[in-house]
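# Descriptive structure summary
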Amino acid sequence: MAFTTSQSLVLRAPAASHPGGGRLAAPSAAGRVALRGPGGSAFPSVVAAAAASSTSMAGLEDGDADRKETKLWGGRFEEGVTDAVERFTESISYDWQLYKYDIMGSKAHATMLASQGLMTASDRDIILEGLDQIERQIQEGKFEWRKDREDVHMNIEAALIERVGEPAKKLHTARSRNDQIQTDVRLWCRDAIDKILIRIKQFQVSLVMLASKYVDLIVPGYTHLQRAQPVLLPHLLLSYVEQLERDAGRLVNCRERVNFCPLGACALAGTGLPIDRFQTAKDLKFTAPMKNSIDAVSDRDFVLEFLSANSIAAVHLSRIGEEWVMWASEEFGFLTPSDKVSTGSSIMPQKKNPDPMELVRGKSARVVGDLMTVLILCKGLPQAYNRDLQEDKEPLFDSVKTILGMLEVCTEFAQNISFNSERIQRSLPAGHLDATTLADYLVKKGVPFRTSHEIVGKSVALCVSKNNCQLSELQLDDLKAVHPAFEADVYEYLGVENSVNKFISYGSTGSNQVKKQLDDWRIQLEDWRI
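Here the residue index of a chain counts from 1 through its sequence in written order. Since the coordinates come from a predicted model, pLDDT governs what is reported: local features require at least 70, and pairs of side-chain atoms require 80 or more to be given and counted, while whole-chain, interface and lining totals use all residues. To obtain the side-chain values, all non-hydrogen atoms of the structure were used and water was disregarded.

- In the nomenclature of an unreviewed UniProt entry, the chain is known as Argininosuccinate lyase of Urochloa decumbens.
- UniProt positions are given in the numbering used here, feature names are shortened, and annotations may be inferred rather than shown by experiment. According to its UniProt record, the chain has this under Sequence similarities (unreviewed entry): "Belongs to the lyase 1 family. Argininosuccinate lyase subfamily."

## Brief notes about the overall build of the chain
- Looking only at helices and strands, one finds 18 helices and 8 strands in the chain.
- Each residue gets one of three labels from its accessible area relative to the maximum for its type: buried under 20%, exposed over 50%, partly exposed in between, using a 1.4 Å probe on protein chains only. Within the span of the chain, comprising 530 residues, buried residues form 50% of the whole.
- By the convention used here, residues are in contact when the closest approach between their heavy atoms is within 4.5 Å. Considering only residue pairs separated by 6 or more positions, the chain has 75% of its internal contacts joining residues 24 or more positions apart.
- Carbon and sulfur atoms make up 52% of the accessible area of the chain, which amounts to about 24300 Å² in all. Starting at the N terminus, helices and strands are each numbered in turn, a helix being any DSSP run of H or I of at least four residues and a strand any DSSP run of E of at least two. To be clear on the numbers: accessible area is Shrake-Rupley with a 1.4 Å probe, and residue cover counts the displayed protein chains and nothing else.

## Some details on the layout of surface pockets
- Note on definitions: the grid is 1 Å and covers protein atoms alone; a cavity is a set of points where a 1.4 Å probe fits but cannot get out; a pocket is an open set with protein on both sides within 12 Å along at least five of seven lines; lining residues have an atom within 4 Å of a point. Grid points are joined across faces, edges and corners, and a volume is the space filled by probe spheres set on the points. Here the largest pocket defines a volume of roughly 510 Å³.
- In terms of lining, the largest pocket is formed by 22 residues, of which the most central are Gly221, Tyr222, Leu236, Arg319 and Glu323.
- Put simply, the parts of the chain that give the lining of the largest pocket at least two residues each are β3 (218–223), β4 (226–232), α7 (233–258) and α10 (301–327).
- With 6 residues, α10 is the single largest residue contributor to the lining of the largest pocket.

## Re the side chain of aspartate 123
- Considering the arrangement of structural elements, one finds aspartate 123 in helix α4 (residues 121–139).
- Once residues lying within four places of it in the same chain are set aside, the contact partners of aspartate 123 are Pro167 and Lys170.

## Notes on unusual backbone geometry
- Residues glutamine 383 and alanine 384 are joined by a peptide bond in cis, for which omega reads 10°.
- Mapped onto the elements of the fold, alanine 384 is located in the loop between α11 (355–378) and α12 (393–414).
- Of note, cysteine 266 is a non-glycine position whose phi angle comes to about 60°, a positive value.
- Turning to its location among the elements, cysteine 266 is positioned in the loop between β5 (260–261) and α8 (277–283).
- Residue classification places cysteine 266 among the buried residues on the basis of a relative accessible area of 7%.
- If you check the backbone angles, asparagine 467 has positive phi at about 65° while not being a glycine.

## Structural notes on the pairing of β4
- By this definition, two strands are paired if DSSP reports at least two bridges between them. Judged from the 6 bridges that link them, β3 and β4 form a sheet pairing that is antiparallel. Opposite isoleucine 218, over in β4, you have leucine 232 as the bridge partner.
- Hairpin connection, β3 to β4: the antiparallel pair is bridged by 2 residues, and histidine 224 has positive phi, about 60°.

## Digging into the confidence of the model for the chain
- Averaged over every residue, the pLDDT of the chain is 87; residues scoring 70 or more account for 85%.
- With pLDDT under 50 throughout, residues 1–66 is counted as low confidence; its partners more than four residues away or in other chains account for 158 contacts. The pLDDT score gives, residue by residue, the confidence of the prediction method on a 0 to 100 scale.

## Quick notes on the packing of aromatic side chains
- Here the aromatic set is Phe, Tyr and Trp, taking the six-membered ring for Trp, and pairing holds for ring centres within 6.5 Å; pairs whose planes are under 30 degrees apart are stacked, those over 60 apart are edge-to-face, and all others are tilted. Under the defined criterion, the tally for this structure stands at 11 aromatic pairs.
- Connected via pairs of aromatic rings, a cluster forms that spans Tyr214, Tyr222, Trp327, Phe332, Phe334 and Phe419.

## Some words on the pattern of salt bridges
- By salt bridge we mean one thing: a side-chain nitrogen of Lys or Arg within 4 Å of a carboxyl oxygen of Asp or Glu. A complete count under the given rule lists 27 salt bridges for this structure.
- Among the salt bridges present, the one from arginine 361 reaches glutamate 322, with a minimum N-O distance of 2.5 Å. With arginine 361 in helix α11 and glutamate 322 in helix α10, the pair connects residues that are 39 residues apart, well separated along the chain.
- Between aspartate 520 and lysine 516 there is a salt bridge whose closest N-O contact spans 3.1 Å. Placement of both aspartate 520 and lysine 516 in helix α18 (residues 511–524) is noted, with a separation of 4 residues, approximately one turn of the helix.
- One connected set of salt bridges, linked through shared partners, spans Lys107, Asp132 and Glu135.

## Some thoughts on a nonpolar patch on the surface
- In this scheme, patches are assembled from residues that exceed 30% relative accessible area and form no salt bridge. Like charges are connected within 9 Å, while nonpolar side chains (Val, Leu, Ile, Met, Phe, Trp, Tyr) are connected within 5 Å. A cluster of nonpolar residues, Met372, Leu375 and Ile376, forms a patch on the protein surface that exposes about 270 Å² of accessible area.
- With respect to the secondary-structure elements, methionine 372 resides in helix α11.
- By relative accessible area, which is 38% here, methionine 372 ends up partly exposed.

## Looking at the packing of helix α6 (residues 177–213) against α7
- Closest axis-to-axis distance for the α6/α7 pair is 9 Å, and the angle between their directions is 165°. Viewed along their axes, α6 and α7 adopt a mutual orientation that is roughly antiparallel. Viewed along their axes, α6 and α7 form a crossing whose handedness is left-handed.
- Looking at the contact of α6 with α7, its residues break down into 21 nonpolar, 1 polar and 8 charged. Between N-to-C directions, angles span 0 to 180 degrees; the directions come from axes that are lines fitted to C-alpha atoms, helices contributing only their stretch in contact. In this scheme, roughly parallel covers angles under 35 degrees and roughly antiparallel covers those over 145, while 65 to 115 is roughly perpendicular and the rest are oblique. Crossings are classed by handedness, with left-handed meaning an anticlockwise turn of the near helix from the far one by less than a right angle and right-handed meaning a clockwise turn. Classes in brief: Ala, Val, Leu, Ile, Met, Phe, Trp, Tyr, Cys and Pro nonpolar; Asp, Glu, Lys and Arg charged; the others, Gly included, polar.

## Looking at α4
- The first and last C-alpha atoms of α4 sit 27 Å apart over 19 residues, in line with the 27 Å expected at 1.5 Å per residue.
- At the exit of α4 stands glycine 141, carrying a positive phi of roughly 75°. Multiplying one less than the number of residues by 1.5 Å gives the expected span of a helix.

## A word on α6
- Given a rise of 1.5 Å per residue, 37 residues ought to cover 54 Å, and the 54 Å separating the end C-alpha atoms of α6 matches this to within 8%.
- Within α6, 31 of the 37 residues are buried, which leaves the element mostly enclosed by the surrounding structure.
- The definition of a polar contact used here is a pair of N or O atoms within 3.5 Å, where within protein one atom must be able to donate a hydrogen and the other to accept one, and adjacent residues in sequence count solely through side-chain atom pairs. For α6, the side-chain oxygen to backbone nitrogen distance between the N-cap and asparagine 178 is 2.9 Å, and the N-cap itself is serine 176.

## With respect to the environment of phenylalanine 203
- By the secondary structure assignment, phenylalanine 203 is in helix α6.
- According to the relative accessible area criterion, phenylalanine 203 is buried, its value standing at 0%.
- Along the sequence, phenylalanine 203 and glutamate 412 sit 209 residues apart, while their C-alpha atoms lie 8.3 Å from each other.
- When sequence neighbours within four positions are dropped, the list of residues in contact with phenylalanine 203 reads Leu244, Leu317, Ile320, Leu407, Cys410, Thr411 and Ala414.

## What about the environment of serine 511?
- As for its placement among the helices and strands, serine 511 is situated in helix α18.
- Serine 511 sits 10 residues away from asparagine 501 along the chain, and the two C-alpha atoms are 6.3 Å apart.
- Excluding its chain neighbours within four sequence positions, the residues that come into contact with serine 511 are Leu232, Val500 and Asn501.

## So, the environment of asparagine 512
- Mapped onto the secondary structure, asparagine 512 falls in helix α18.
- By relative accessible area, which is 67% here, asparagine 512 ends up exposed.
- Residues asparagine 512 and asparagine 501 lie 11 residues apart in sequence; the distance between their C-alpha atoms is 8.5 Å.

Pasting the structure below:
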């Protein structure tokens, strides 16, 4: 179930080779710059869409402005844009990752145009074949991405016109880049969500398998980072599984809202041509076309929702990272990561650091930052489309790439750690973890809880006065001196083992309850075994 990514893009100086075979070609006669990857492509074989990284255009040279081709939108202009404007406004350096979805949308659009009599079947077939050839070129690393063509849409459309001629000029009928990019991004997000969901399930499986190795291990439970009550380790690990399940649920719900089709909304007002938006929505496996053409091209709330879901998941992963980093410290000593998921120090030879989980904690800031970027990007935009929205792609791509990496390394970390049972057991007497269970004992004897709370507090104070002994070490006469409700059966409630066994409420840390939780998750995740 693991996802792999292909070789990442590395930009080099003109004609400089590297082991992967990539190079940055010199400007061509048309005043363009060709980015070359393995096998001579402008970019390398595309990475998995949801994990694709946005690429840098550092070192990219500008061609001669007088030799650049006329823009596809350039009919009313007498002069071309300056090199600075072209560098500043291009997005092909990162939105090339959408090529698969751009071609998919174009195929559906061409098919619909033909069925509506807006192009001939012959022109449709020529276009579809041309798009297939372009897609193969990209996958084989032979397609030339051109910065002067601005973005993924114009690169593919211009290449199609060069390849098949006049029929390709009909493809943009009843379509704008405004609805085109929305369609591409919604398709991309749909696949990205599916990939993240699988990574979440993989991590959940690892946690359940880890919990199954330590079914009876009692650990200190903390509130305010102070010892609170004893809990079973599987109970703690399953709390992470529950959080991840809600993360998955948010993504599933987000996907439902993502899955509506903006194609055919055009620039903002729709079109006077007889298109069939329901056909394109169906062909692209969307739930339905979006109802309002202005809304279809202008809002990025689906991106915000996706980034928000990723941010919440990243915060959950960061909290796990924090806990495991602490537990791996000498001060706790509860957890030992294997060498496979640890790193050392460049100066201190004894060090063994849980760096992957530290970086999980650190990279959560990137994911939250990506959400903040797009929130602020969108906050002041009037209806409908604004060029500002070009800036949503890089934080979107980064958020997905980062959360996928965080989930992958968390899964590997969980598969390569062990809990130090003896060290944990030696630590359990500290902190009077059974105090609340003792209060429950008094409630069962008919003492009001607030009174019980006070009585146990005095009992703990008595322990502190007796060289910080344990509650279980107090004599019955000592306890009766605090309150006469104490009887000989009180010792059945004292000590962490007895305390844990007294928990019976649904979802609690009692042995029977945790066993039921663990069994439920094993059944639920059976199909996701790694």
